[in-house]
Amino acid sequence: MSVQPVKFYQVGSWAAGNRLLRPEDRSVQADPQRANSLTSGHRACQGCGEALGARYVLDTASRVTNGRIVAVNATGCLEVFSTPYPESAWRLAWLHSLFGNAAAVASGVAAALRVRGDRDTRVIAQAGDGGTVDIGLGCLSGMFERGDDVLFVCYDNEAYMNTGVQRSAATPPAARTTTTPVVGAVPGNRFGQGKDVPRIAMAHRIPYVATATVADLRDLEAKVAKAIGLRGARYLHVLVPCPLGWGTASGDTIRIARLATQCGLFPVYEAEDGTVTATTPIRRQVPVEEYLKAQARYAHLFAPEPRRDLIDAIQAMADHNIDEYKLLDGE
Amino acid sequence: MLRQIEGSRAVAEAVAACRPQVIPAYPISPQTHIVEALAELVSAGSLAPCEFLTAESEFGAMSVAIGASAAGARAYTATASQGLLFMVEALYNASGLGLPIVMTVANRAIGAPINIWNDQSDAMSQRDCGWIQLYARDNQHAADLHVLAFRLAEQLSLPVMVCMDGFVLTHAVERVDVPDQSTVDAFLPPFAPRQVLDPGDPVSIGAMVGPEAFTEVRYLAHLRNLDALERIPALAKEYGALAGREVPGLVTPYRMVDADIAVVALGSVLGTLADAVDSVRADGIRAGVLGITAYRPFPFEQVRQALRKVRRVVVLERAFAVGVGGIVSADVYSAIRTPLWTVVAGLGGRPVTAGSLRGMLREATTDRLKPLTFLDLDHDRVRRELRAVGGAR
Amino acid sequence: MFQVRIHGRGGQGVVTAAELLAVAAFAEDRYAQAFPSFGSERTGAPVAAFCRIDDHPIRTHEPIAAPDAVVVADPSVLHQVDVLHGLRPDGYLLVNTGRSAAELAISGAVTARLCLVPATDLAREHVGKPLPNAALLGAFAALTGLVRLDSVEAAIRQRFSRPVAERNIAAARAAFDIVHAAQREASNA
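Residues numbered from 1 in each chain as written. Chains lettered and ligands numbered in written order. Predicted model: local features only at pLDDT ≥ 70, side-chain atom pairs only at ≥ 80, totals over all residues. Heavy atoms only, no water.

**Considering the interface of chain B and chain C**
For step 1, the next point in the chain: In this complex, chain B contributes 27 residues to the contact, which on the side of chain C involves 20 residues.
For step 2, the next point in the chain: Of the roughly 1900 Å² buried where chain B meets chain C, counting both sides, 55% is carbon and sulfur surface.
For step 3, the next point in the chain: Considering only the side of chain B, the residues that lose the most area to chain C are Gln-4, Val-173 and Arg-175 of chain B, jointly responsible for 33% of the buried surface there.
For step 4, the next point in the chain: Inspection of the chain B/chain C interface yields two salt bridges.
For step 5, the next point in the chain: Across the pair Arg-59 of chain C and Asp-278 of chain B runs a salt bridge, and its minimum N-O distance is 2.6 Å.
For step 6, the next point in the chain: The tally of links between chain B and chain C comes to 13 residue pairs in polar contact (both at pLDDT 80 or more).
For step 7, the next point in the chain: For the side of chain B that touches chain C, the elements supplying multiple residues, two or more each, are β1 (2–6), β8 (173–177), α10 (269–281) and α13 (354–365) of chain B.
For step 8, the next point in the chain: With five residues, the top contributor of residues to the side of chain B that touches chain C is α10 of chain B.
For step 9, the next point in the chain: Along the lines of polarity and charge, the residues of the side of chain B that touches chain C split into 13 nonpolar, seven polar and seven charged. (Contact = heavy atoms within 4.5 Å. Buried area = accessible area lost by both parts, 1.4 Å probe. Salt bridge = Lys/Arg side-chain N within 4 Å of Asp/Glu carboxyl O. Polar contact = N/O pair within 3.5 Å; in protein donor to acceptor, adjacent residues only side chain to side chain. Helix = DSSP H or I, 4+ residues; strand = E, 2+ residues; numbered from the N terminus. Nonpolar A, V, L, I, M, F, W, Y, C, P; charged D, E, K, R; others polar.)

**Regarding the interface of chain B and chain A**
For step 1, the next point in the chain: Facing 38 residues of chain B, the contacting portion of chain A comprises 38 residues.
For step 2, the next point in the chain: In total, about 2800 Å² of surface goes out of reach between chain B and chain A, with carbon and sulfur atoms giving 64% of it.
For step 3, the next point in the chain: Of all residues in chain B, Glu-56, Pro-199 and Met-208 of chain B bury the most surface against chain A, accounting for 20% of the area lost on that side.
For step 4, the next point in the chain: Between the two partners, chain B and chain A, sit two salt bridges.
For step 5, the next point in the chain: When the shortest N-O distance is used, the salt bridge between Glu-56 of chain B and Arg-146 of chain A registers 2.9 Å.
For step 6, the next point in the chain: Linking chain B to chain A there are 13 residue pairs in polar contact (both at pLDDT 80 or more).
For step 7, the next point in the chain: The set of elements that each furnish at least two residues to the side of chain B that touches chain A consists of β3 (51–54), α3 (58–70), α5 (88–96) and β9 (204–205) of chain B.
For step 8, the next point in the chain: Considering each element in turn, the side of chain B that touches chain A owes the most residues, eight residues, to α3 of chain B.

**Notes on the arrangement of the chains**
For step 1, the next point in the chain: Contact analysis covers two pairs of chains in contact, and the most contacts occur between chains A and B.
For step 2, the next point in the chain: A minimum C-alpha distance of 26 Å separates chain A and chain C, which share no contact.

**Remarks on the environment of Val-83 of chain C**
Residues and elements named next belong to chain C.
For step 1, the next point in the chain: Mapped onto the elements, Val-83 comes out in the loop between β4 (69–72) and β5 (92–96).
For step 2, the next point in the chain: Distance from Val-83 to Gly-8, taken between C-alpha atoms, is 9.5 Å for residues 75 residues apart in sequence.
For step 3, the next point in the chain: The residues touching Val-83, leaving out its near neighbours within four places in the chain, are Arg-5, His-7, Val-70, Val-72, Val-77 and Leu-78.

**Re the environment of Thr-253 of chain A**
Residues and elements named next belong to chain A.
For step 1, the next point in the chain: Considering the arrangement of structural elements, one finds Thr-253 in helix α9 (residues 253–262).
For step 2, the next point in the chain: Classification of Thr-253 as buried rests on a relative accessible area of 5%.
For step 3, the next point in the chain: Taking the C-alpha atoms as reference points, Thr-253 and Gly-47, separated by 206 residues in sequence, lie 6.2 Å from one another.
For step 4, the next point in the chain: Apart from the residues within four sequence positions on either side, Thr-253 is in contact with Gly-47, Gly-49, Val-214, Pro-241 and Pro-243.
For step 5, the next point in the chain: A polar contact is formed between the side chain of Thr-253 and the backbone oxygen of Gly-47, at a distance of 2.5 Å. (Buried < 20%, exposed > 50% of the residue type's maximum accessible area, 1.4 Å probe, protein only.)

**Some words on helix α2 (residues 32–43) of chain B**
Residues and elements named next belong to chain B.
For step 1, the next point in the chain: For α2, spanning twelve residues, the distance from its first C-alpha to its last is 16 Å, which sits close to the expected 16 Å at 1.5 Å a residue.
For step 2, the next point in the chain: Within the sequence span of α2, burial applies to Thr-32, Ile-34, Val-35, Ala-37, Leu-38, Leu-41 and Val-42.
For step 3, the next point in the chain: Summarising the contacts, the buried residues of α2 are in contact with α1 (7–17), β2 (22–25), β3, β4 (76–79), β5 (102–107) and β7 (160–165). (Expected span 1.5 Å × (residues − 1).)

**Re the pattern of salt bridges**
For step 1, the next point in the chain: Per the counting criterion, the structure on display carries 52 salt bridges over all chains.
For step 2, the next point in the chain: A salt bridge links Asp-331 of chain B to Arg-296 of chain B; its shortest N-O distance comes to 3.2 Å. Of the two residues, Asp-331 of chain B sits in helix α12 (residues 328–336) while Arg-296 of chain B sits in strand β13 (residues 294–296), which places them 35 residues apart along the sequence.
For step 3, the next point in the chain: Taken together, the salt bridges that share partners define one network made up of Arg-122, Asp-149, Arg-231 and Arg-234 of chain A.

Listed below in structure tokens is the structure:
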């Protein structure tokens, strides 16, 4: 008789699927009755951080509003892999217009709902980093400035992934993309560029701005719930690793996102009316090297010659964030 | 109600009577008076419920209209020239998604060089984007066409562009019987969208369509567009009966019955042409005018019928295709397939005078017109410029 | 058809004057078309506005090349812009000025139907602002008889708030009376 070894795992209390918790402490994703707004069958890559993030965000929004949401999606991976005509993976009311106008289209939807006297249905605009920080910035700023009742979620995988990994204003320094190739004295994306969109959002003094990642499901769900509970223009910036573009293993998506926060390169915080109100401290600080080494888009920093200068420069950026957002204070 | 009123104001009041629900606006000369008047009406509460949004660009404005329309609200905006071009991506998006948005285009030239005056380059540049295009011949027509446009758009689930010559019509104070609320209410029912964003019955709008189905989707849109050729005359008749006047629908002939030479044109120049024709008729030239209101879809059959007995056809264009010649000419030629003359007039706001039109008719009648003529071209200036460029080499 | 061209500078109410003239004609059940010389809005720059009045519907949309009357709201444009261009030999020329024709260097050869009215002074007196358009319309009504004074008044009332309208009407009336008196004097002479 063969013996089938069975492995038992001691899972932490806050694991995503933990159903041993009281119902009110469980995550939305733990609920078998969750909306499943982005259902299976879509064409995303294995390990896609954006698909994960979108599901987390919309299922939470759906729970909090009893299913009364409309999603406006910019052109990008999320839109492309979810709606190959004649199929759709969306189980909610969903509109895709263009690349740069998600915020404006969402403003229009919000206006229509207001006019029709519908105060219960909430509008979520979602876009990748390209559709937010570059081509989408004009419309985004307009929506913020008017204070339209829209929650805009940016799924930031730090490049134009849908079109084959080109640099965006969200691409971090030194990262390899097809338009910032690993050639010459400063390989990869240049230093000293880029836009800090959460801070741009804060400069508009909108009611709520927050950053989050797919590594901390509960934090993301809590921020979505909080955002939905408010009215006016709100912005959520979610870091979503892209295995293809970042050169990471498809099973590492959550781990990579966590490393981004723990090294300080991606600060996790909330802001209201233009001022930072809460930050998530780093639990176990790691040097940026640990984060960078895990991604092929930074491979040139380590081989053939280690680029200590560039790694140090990146560490300095992380240290600056830790300082600015007090990521190592207290706890 | 009969008023002596600025064209823009007449249009704004006609649009207001159509009970728009979401109006995004971005300013550009010469349409600004329209959205300003609407802002005033919305702020005063005369239009409730209606949301007026100041967009951050024309692209933003059309995008807001797209979202609003998809969510079941009657949406309207206005633009011109550079603004129309700035929203081109969104124009195709709106027609592709079948959203019945109505937009006024206050026809203006396109830069460079920057020019704020009237010609029809802007709307002409978008003749293929899938929007229905209607051209107003005067301010009464402009007001009436907007009412027609909302009903037509919602019937077909297609967006409609109402074109009116910038400044020449928008800023002219003329006698207009502004459609009153009861007339419009009798003609235009509340918006009942073909499909709508509704959490209670969710749909995905804006999917990606590949080679296996894209052609068919486009073809179906084309068929719906062609459908307008049937509906426009019927709607014009229905509305005209309610308003108590004739409303030009597809084409309008003037003294065409025994015309030997016909001029085809769109927009405000039709009025000036009528005067010119009356004048040369007194000299024995049997001229007539064929005014086109519906330019997209193009009324081939009506144009063919109207021009079939005419010996000479002149197409008076308020825009032209650089490196080619006429734009409307090509469509008219397709309809009639006999020789025609193209005359390009009034680019960048150069006035089109009855005197020049009379000259054109005389030259056409005696076969002295070239196939492509630029009316009132300053030949001296051209010669000087060519010499200057030639000398520089 | 009667065609009027009004010259002045931005901010003097030239465009409004043309519109009010059109509304006055409308009040008398006539057809009218008023439009400005189109351009970017700039205070102080020379502007022109046009008005056609007819008993039949007005179809044309061309500019007015041969006006039957020219109104000059600001004499400083007299020698800056060719205000007399196209004016018919027996056309009317109404100029806002307190000076004489000789001082303005307008010769009698231009037209016999010259009329000078101190419209800005009248405006200051009755309206409290140097906006000569209402006074010029009153003078125009008297000079040409193209529209009645009460039609001009009705147009003014329709356009402005009560107190502003009444002040402008006072200026119009004053100008009307001045021109009327001058005409009587001329015919008695």
